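Listed here are the chains, written in short residue letters.
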Amino acid sequence: MLTAVDHVQLAAPPGSEDLLRAYYVGVLGMTEVSKPPVLAARGGCWFRAGAVELHLGIEEGFRPSAKAHPGLRVTDIAAYAARLEAGGARVVWDEGLPGRRRFYSYDPVGNRLEFLV
């Protein structure tokens, strides 16, 4: 029986770890999580904020998906959008989900992220 999502893995191009750290830690406010040594040798980074864990794995020939994305719940969505914009991230509001307030943004390698309340 499924009980929860443990983590979501996104892909990233080789050598992008410093860009990812700057965004996920500096802009989103997440904390980097140490990877087990056998996995750390593959590159990439893991990040956590509360119960939310995102893994960024290195992929040769990386191309960000145009549609796939994690949906991340936030509190005070307007303040969070302002935080992202202040950090240089693009924020695209979307009114297409009745009864919900949400926006999309993109990490520095082009992964799409949805933020909603």
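Residues numbered from 1 in each chain as written. Predicted model: local features only at pLDDT ≥ 70, side-chain atom pairs only at ≥ 80, totals over all residues. Heavy atoms only, no water.

Draft legend 1. Broad picture of the sheet that holds strand E1 (residues 8-12). Read across the sheet, 4 strands follow the order E1-E4-E3-E2 without closing on themselves; strand pairing throughout is mixed. The two strands at the open ends of the sheet, each matched to only one other strand, are E1 and strand E2 (31-33). When the angles between neighbouring strand axes are averaged without regard to direction, this sheet yields 30°. Note: E1 against strand E4 (residues 52-58), 5 bridges, orientation parallel. Within E4, the residue paired with Val 8 across the bridge is Leu 54. Sheet strands touched by helix H1 (residues 17-27): E1, E2, strand E3 (45-49) and E4. Its angle to E3, the strand with the most contacts, is close to 5°. (Pairing = 2+ DSSP bridges. Helix = DSSP H or I, 4+ residues; strand = E, 2+ residues; numbered from the N terminus. Axes fitted to C-alpha atoms, helices over the stretch in contact; angles between N-to-C directions. Contact = heavy atoms within 4.5 Å.)

Draft legend 2. Structural context of the nonpolar core. In terms of nonpolar packing, the biggest core is built from 26 residues, with Leu 20, Tyr 23, Tyr 24, Leu 28, Leu 84, Phe 103 and Phe 115 touching the most fellow members. Of all the secondary-structure elements, those providing two or more residues to this core are E1, H1, E3, E4, helix H3 (77-86) and strand E8 (112-116). The contacts of Leu 28, once residues within four sequence positions are left out, are Tyr 23, Tyr 80, Arg 83, Leu 84, Leu 113 and Phe 115. (Core = buried A, V, L, I, M, F, W, Y, C linked by side-chain atoms within 4.5 Å. Buried < 20%, exposed > 50% of the residue type's maximum accessible area, 1.4 Å probe, protein only.)

Draft legend 3. Region of the structure containing the pairing of E3. Examined bridge by bridge, E2 and E3 share 3 bridges and lie antiparallel to one another. Each bridged residue has a counterpart across the sheet, and for Val 33 the counterpart in E3 is Trp 46. For E3 and E4, the ladder comprises 5 bridges, and the chain directions are antiparallel. Looking across to E4, one finds that Arg 48 is bridged to Glu 53. A loop of 2 residues connects E3 with E4, the two strands running antiparallel in sequence, and Gly 50 in this loop sits at a positive phi of about 60°.

Draft legend 4. Region of interest: H1. Of all the positions in H1, only Glu 17, Leu 20, Tyr 23, Tyr 24 and Val 27 are classed as buried. Burial along H1 is one-sided: seen end-on, the buried residues are contained in an arc of 165°. Residues of H1 that are exposed and angled more than 90 degrees away from the buried face: Asp 18 and Gly 26. In this structure, the buried side of H1 is in contact with E1, E3, E4, H3, strand E7 (102-106) and E8. (Arc of directions from axis to C-beta.)

Draft legend 5. The arrangement of the pairing of E8 in detail. Across the 5 residues that make up E8, a large majority, 5, are buried. Neither face of E8 is open: one carries Arg 112, Glu 114 and Leu 116, the other Leu 113 and Phe 115, and all of them are buried. Where strand E5 (residues 71-73) meets E8, 3 bridges bridge the pair, whose relative direction is parallel. Looking at the pairing, Arg 73 lines up with Leu 116 of E8. Sheet topology places E7 next to E8; 5 bridges connect them, and they run antiparallel. Bridging from a neighbouring strand, Arg 102 pairs with Leu 116 of E8. What sits between the antiparallel neighbours E7 and E8 is a turn of 5 residues, in which Gly 110 has the positive phi angle 100°.

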